[in-house]
Amino acid sequence: MIREDLGLSNGWAGFLTTLPLLTFATFSLFSAAIGKRLGNSQAIFWALILILAGTILRVQGGSWLLFVGTGITGVGIVICNVLLIPLIKNRLPHKIGVATASYTTGMTLFAAIASGISAPLALDLDWGWRGSLLFWAVLLLIGILVWAPQAAVKIQGKQQQSDIPKVNVWKSRLAWQVSLFMGVQSLLFFTIVAWLPDMMIDRGLSPVEAGVLISVMQLVGLVGSFLAPIIAVKFKDQVGMVLVLGGMYVIGFMTLFSGSLWINYAGLTLVGIGLGSSISLAYTLIGLRTDAEQTTASLSGMSQSTGYYLAALGPLLFGIAFDIWQDWNLLIYLLLVCSLLFTYFGWKSGVAKKI
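From a predicted model like this one, the values you see are computed outputs, not experimental measurements.

Enquirer: How do you make sense of the overall build of the protein chain when you look at a structure like this?
Expert: The helix and strand inventory of the protein chain stands at 13 helices and 0 strands. Along the chain direction, N to C, the helices and strands of the protein chain fall in the order α-α-α-α-α-α-α-α-α-α-α-α-α. Radius of gyration (C-alpha) of the protein chain: 20 Å, near the 20 Å computed for a compact globule of 355 residues. Principal-axis analysis of the C-alpha atoms gives the protein chain an extent of 60 × 45 × 30 Å. For the protein chain, buried positions account for 54% of its 355 residues. A distance of 21 Å separates the average location of the 20 positive side-chain charges in the protein chain from that of its 13 negative side-chain charges.

Enquirer: Help me understand the packing of aromatic side chains in this model?
Expert: By convention here, two paired aromatic rings are described through the distance between centres and the angle between planes. Scanning the entire structure with this criterion turns up 22 aromatic pairs. When the ring of phenylalanine 135 is compared with that of tryptophan 136, the centres are 4.9 Å apart and the planes differ by 80°; the resulting orientation is edge-to-face. Ring pairing ties together the aromatic residues Phe181, Tyr249, Phe253 and Phe342, which thus form one cluster.

Enquirer: How do you make sense of the pattern of salt bridges when you look at a structure like this?
Expert: Two side chains that carry opposite charge are able to pair once their charged atoms sit near each other. Tallied over the full model, the rule gives 3 salt bridges. Salt-bridge contacts for arginine 3 lead to aspartate 198; the nearest nitrogen and oxygen are separated by 3.2 Å. Note that arginine 3 is positioned in helix α1 (residues 2-6) and aspartate 198 in helix α8 (residues 173-202), a separation of 195 residues in sequence. Arginine 3 sits in the partly exposed class, given a relative accessible area of 26%. Across the pair lysine 354 and aspartate 291 runs a salt bridge whose closest N-O atoms are separated by 3.7 Å. Here lysine 354, found in the segment after α13 (329-350), pairs with aspartate 291, found in the loop between α11 (261-288) and α12 (293-325); they are 63 residues apart in sequence, far enough to count as distant. The class for lysine 354 is partly exposed, based on a relative accessible area of 47%. Judged by its relative accessible area of 55%, aspartate 291 falls in the exposed class.

Enquirer: Just to check I follow, could you spell out the environment of serine 300 for this structure?
Expert: Turning to its location among the elements, serine 300 is positioned in helix α12. Once the C-alpha coordinates of serine 300 and glycine 287 are considered, the two residues, 13 residues apart in sequence, prove to be 8.5 Å apart. Other than its neighbours up to four places away in sequence, serine 300 contacts Asn81, Val82, Ile85 and Ile286.

Enquirer: How do you make sense of a nonpolar patch on the surface when you look at a structure like this?
Expert: Together, Leu109, Phe110, Ile113, Ile117, Val138, Leu139, Ile142, Val146 and Leu219 make up an exposed nonpolar region whose accessible area comes to about 720 Å². Mapped onto the elements of the fold, isoleucine 113 is located in helix α5 (residues 96-123). What makes isoleucine 113 partly exposed here is its relative accessible area of 34%.

Enquirer: Looking at this structure, how should I read the environment of arginine 289?
Expert: Examined against the element boundaries, arginine 289 turns out to sit in the loop between α11 and α12. Exposure remark for arginine 289: the relative accessible area of 3% places this residue in the buried category. In the structure, arginine 289 is positioned 111 residues away from valine 178 in sequence and 8.6 Å away in space, judged by C-alpha atoms. Aside from chain neighbours lying at most four places away, what touches arginine 289 is Leu174, Val178, Lys236, Gln238, Ser349, Gly350, Val351, Ala352, Lys353, Lys354 and Ile355. In this structure the side chain of arginine 289 is engaged in a polar contact, spanning 2.9 Å, whose partner is the backbone oxygen of lysine 353.

Enquirer: Any chance you could explain the confidence of the model for the protein chain here in plain terms?
Expert: In this model, the protein chain carries a mean pLDDT of 88, and residues with pLDDT of at least 70 account for 97%. Below pLDDT 50 for its whole length, residues 157-161 participates in 11 contacts with residues either more than four positions away or in separate chains.

Enquirer: Explain unusual backbone geometry here, please?
Expert: Peptide bonds are, in most cases, trans, and in most cases residues other than glycine have a negative phi. Backbone geometry at aspartate 126 places phi at a positive 60°, although glycine is not the residue there. Along the chain, the position of aspartate 126 falls in the loop between α5 and α6 (128-134). According to the relative accessible area criterion, aspartate 126 is exposed, its value standing at 66%. For glutamine 326, which is not glycine, the phi torsion reads 55° and is therefore positive.

Enquirer: Teacher, can you tell me more about α12 here?
Expert: Residues separated by three or four positions in an α-helix point in the same direction, a consequence of the helix having 3.6 residues per turn. Along its 33 residues, α12 runs 48 Å from first to last C-alpha, staying within 8% of the 48 Å computed at 1.5 Å per residue. Two residues or fewer past α12, glutamine 326 is found with a positive phi of approximately 55°.

Enquirer: I tried to follow the side chain of threonine 105 on my own but got confused; where do I start?
Expert: Topologically, threonine 105 is positioned in helix α5. Residues in contact with threonine 105, not counting those within four places in the same chain, are Leu222, Ser225 and Phe226.

Enquirer: What's the story with the packing of helix α2 (residues 10-38) against helix α4 (residues 63-91) in this structure? I'm lost.
Expert: Two measures define how a pair of helices packs: the angle their axes make with one another and the distance between the axes. Running from N to C, α2 and α4 cross one another at 40°; their axes reach a closest spacing of 7 Å. Of the possible angle classes, the one that applies to α2 and α4 is oblique. Remark: the crossing between α2 and α4 carries right-handed chirality. Considered class by class, the residues forming the contact of α2 with α4 number 17 nonpolar, 7 polar and no charged.

Enquirer: Honestly, the packing of α4 against α12 in this entry has me stumped. Any pointers?
Expert: At a minimum axis separation of 9 Å, α4 and α12 run at an interaxial angle of 150°. In terms of orientation, α4 and α12 fall into the roughly antiparallel class. Judged by the twist between their axes, the crossing of α4 over α12 is right-handed. Across the interface between the two elements, Val78, Asn81, Val82, Ile85, Pro86, Lys89 and Asn90 of α4 pack against Glu293, Thr296, Ala297, Ser300, Gly301, Gln304 and Tyr308 of α12. When its residues are assigned to classes, the contact of α4 with α12 shows 6 nonpolar, 6 polar and 2 charged.

Rules and cut-offs
Residues numbered from 1 in each chain as written. Predicted model: local features only at pLDDT ≥ 70, side-chain atom pairs only at ≥ 80, totals over all residues. Heavy atoms only, no water. Helix = DSSP H or I, 4+ residues; strand = E, 2+ residues; numbered from the N terminus. Rg over C-alpha atoms; globule rule 2.2 N^0.38 Å. Buried < 20%, exposed > 50% of the residue type's maximum accessible area, 1.4 Å probe, protein only. Lys, Arg positive; Asp, Glu negative; His and termini not counted. Charge placed at Lys NZ, Arg CZ, Asp CG, Glu CD. Phe/Tyr/Trp six-rings, centres within 6.5 Å; stacked < 30°, edge-to-face > 60°. Salt bridge = Lys/Arg side-chain N within 4 Å of Asp/Glu carboxyl O. Contact = heavy atoms within 4.5 Å. Patch = residues over 30% accessible without salt bridge, like charges linked within 9 Å, V, L, I, M, F, W, Y side chains within 5 Å. Areas by Shrake-Rupley, 256 points an atom, 1.4 Å probe, with all protein chains shown as cover. Polar contact = N/O pair within 3.5 Å; in protein donor to acceptor, adjacent residues only side chain to side chain. pLDDT = per-residue confidence, 0-100. Expected span 1.5 Å × (residues − 1). Axes fitted to C-alpha atoms, helices over the stretch in contact; angles between N-to-C directions. Parallel < 35°, antiparallel > 145°, perpendicular 65-115°, else oblique. Left-handed = near helix turned anticlockwise from the far one by under 90°. Nonpolar A, V, L, I, M, F, W, Y, C, P; charged D, E, K, R; others polar.

Listed below in structure tokens is the structure:
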């Protein structure tokens, strides 16, 4: 709808999805320093304010405000993403699995709700795409109010770790492997969210049905999103989990070559479980592969920076490729290649070592 209303090409439409990833990647580099200066909980509070401002701004005018507002939301989101991980490690060191499972499941649940009802809000309630996007400001206001007491908590003395040697994560092979694992799973997710609905519409679904399909796929992923961190912390390494998830991706994406929608749905069920599990596992590995909180924050920033730069390529490059060749099979090939890379970097990241 946005593409048609504002006259965007497929390449620019892909860039609209890529833009938050670029802001994720860039501001991940500064999030740990922001958290150290303000305190992680305070920084998250102000990041929520930024997301609210961007959400309001992006629907106020044409394509320029849309891109600027979307970029601002990306800055706020990544500060929250980076700093929640060391915050959990600091306040709930013995419940990393459960805490990570809880918040990643919450993210997956609300992403699924948004995918499912955004099109009905725009079409059935006749709000248009602007009203549909602006609706989510209500949840942001609730989130800000709920988080406000956390922002008032004083920085704990435990955060002062001057006696712990600093680790340069950028020189660690394991840190790079964790970062690339994060990047490939992010590339899979954002490419699917950006382009799978269009592919399924081309196969006969309505825009509302395509939105519901993405929503259901993410709802199915709630199971993996919640269980993956809890299971991961029970094992010495996480290699076995990665191999299972990689196999699910390959089988699931192969079904998209079929012209049968029911076979597609079955395969996307596997993909949904994989997507939910993958993001939870990626966040969990950041905590498991580090000891000191400062190292956790640094790895969190690095993995989300390098990871999201990689992820940003997916929607943009496929949009440009589709403009040129008009072939949906290219999307399937891209997803299959990424599944193999996901398995490789996950296997390397899953080995029981510390940075």
